[in-house]
Amino acid sequence: MSSVYLCGFMGCGKSHVGRQLAAELGREFVDLDRYIINAEKMTIPFIFDKFGEPHFRRLEAKYIRELSGDKIVATGGGALINDETAEYARQSGLSVYINTSFDICYARIKDDSNRPLVVNNTKEQLRELYETRAAIYRKNAMCMVNGCTTDTIIVGEIVKLTRYYETHGKI
């Protein structure tokens, strides 16, 4: 068995779906943002403020490599926009893009003060970032699921993809 890396924009449901997926597959769930907070003993806003976004992206890349194995990993919204990190995820498991509409994502994140990109950008700027990243997620993920449906359907689709991948070694 191999890890499943969930990617997508902030608020697409990576952590929420990831917990359910881990329970369904009997695997450990890891939220990459929470993992970084615990490992670095700093909040994400503090890391962004003190060291900048590029440093945070390097931390994501570093810790994704530590999390290979039989896990369900909810990556940060920007983790798999890095081509090298995305390639590592593809080589060590299955990367799945949860494609959720901007309006749904925005409704979930708009008041979250723990998201530096949300705090420091307007809705229009976030929509532009969403559009830019959506193309990168499609390019860098091995497969995509519709994130605009029920949790049960999303989890079921990813379970099917995971079982197919682990049986056939490809998607």
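Before reading on, note that the structure itself is shown above.
Everything numeric here is computed off the predicted structure, so don't read it as measured data.

On a plain count of helices and strands, the protein chain comes out with nine helices and five strands. The order of helices and strands in the protein chain, counted from the N terminus, is β-α-β-α-α-α-β-α-β-α-α-α-β-α. The globule rule puts the C-alpha radius of gyration for 171 residues at 16 Å, and the 15 Å found for the protein chain is close to it. Principal-axis analysis of the C-alpha atoms places the extent of the protein chain at approximately 45 × 30 × 25 Å. Across the 171 residues of the protein chain, 49% fall into the buried class. Within the protein chain, contacts between residues separated by at least 24 positions form 73% of all contacts whose residues are at least 6 apart in sequence. Accessible area of the protein chain: about 8,400 Å², with a carbon and sulfur share of 49%.

A few words on helix α8 (residues 123-140). With 18 residues, α8 should cover 26 Å at 1.5 Å per step; its first-to-last C-alpha distance of 25 Å lies within 8% of that length. For α8, the complete set of buried residues consists of Leu126, Tyr130, Arg133, Ala134, Tyr137 and Asn140. On its buried face, α8 is in contact with β1 (3-7), α4 (53-66), α5 (83-92), β4 (93-99), α6 (102-109) and α7 (116-119).

With that out of the way, let us pick up the side chain of Ser2. Secondary-structure assignment places Ser2 in the segment before β1. Each residue touching Ser2, except ones within four places of it in the same chain, is listed here: Arg27, Gly69, Asp70, Lys71, Ser92, Gly93, Tyr165 and Glu166.

Where α6 meets α8, the axes come as close as 11 Å, and the angle between the chain directions of the two elements is 130°. As the angle between them shows, α6 and α8 are arranged oblique. Along this stretch, α6 crosses α8, giving a crossing that reads as right-handed. Contacts between α6 and α8 involve Phe102, Asp103, Cys105 and Tyr106 from the first element and Lys123, Leu126, Arg127 and Tyr130 from the second. Looking at side-chain class alone, the contact of α6 with α8 contains five nonpolar, no polar and three charged residues.

At a minimum axis separation of 10 Å, α4 and α5 run at an interaxial angle of 10°. When the axes of α4 and α5 are compared, the pair comes out roughly parallel. Taken together, the residues of α5 that come into contact with α4 (itself represented by Ala61, Ile64 and Arg65) are Glu84, Thr85 and Tyr88. Residues that form the contact of α4 with α5 fall into these classes: three nonpolar, one polar and two charged.

Further remarks concern the nonpolar core. Judged by nonpolar contacts, the single largest core of 53 residues is most densely connected at Leu6, Phe9, Leu21, Leu32, Val96 and Ile158. In terms of residue count, helix α9 (residues 151-168) provides more of this core than any other element does, five residues in total. Apart from residues no more than four positions distant in its own chain, Leu21 is found in contact with Val4, Leu6, Ile72, Val155, Ile158 and Val159.

All of the buried residues in helix α3 (residues 44-51) are Ile44, Pro45, Ile47 and Phe48. The buried residues of α3 all sit within an arc of 165° when viewed along its axis, so they share a single face. Residues of α3 that are exposed and angled more than 90 degrees away from the buried face: Asp49 and Lys50. Taken together, the buried residues of α3 touch α2 (32-40), α4 and α7. The N-cap residue of α3 is Thr43: its side-chain oxygen and the backbone nitrogen of Phe46 are 3.1 Å apart. Following α3 by one or two positions, Gly52 adopts a phi angle in the positive range, close to 95°.

Calculation criteria
- Residues numbered from 1 in each chain as written.
- Predicted model: local features only at pLDDT ≥ 70, side-chain atom pairs only at ≥ 80, totals over all residues.
- Heavy atoms only, no water.
- Helix = DSSP H or I, 4+ residues; strand = E, 2+ residues; numbered from the N terminus.
- Rg over C-alpha atoms; globule rule 2.2 N^0.38 Å.
- Buried < 20%, exposed > 50% of the residue type's maximum accessible area, 1.4 Å probe, protein only.
- Contact = heavy atoms within 4.5 Å.
- Areas by Shrake-Rupley, 256 points an atom, 1.4 Å probe, with all protein chains shown as cover.
- Expected span 1.5 Å × (residues − 1).
- Axes fitted to C-alpha atoms, helices over the stretch in contact; angles between N-to-C directions.
- Parallel < 35°, antiparallel > 145°, perpendicular 65-115°, else oblique.
- Left-handed = near helix turned anticlockwise from the far one by under 90°.
- Nonpolar A, V, L, I, M, F, W, Y, C, P; charged D, E, K, R; others polar.
- Core = buried A, V, L, I, M, F, W, Y, C linked by side-chain atoms within 4.5 Å.
- Arc of directions from axis to C-beta.
- Polar contact = N/O pair within 3.5 Å; in protein donor to acceptor, adjacent residues only side chain to side chain.

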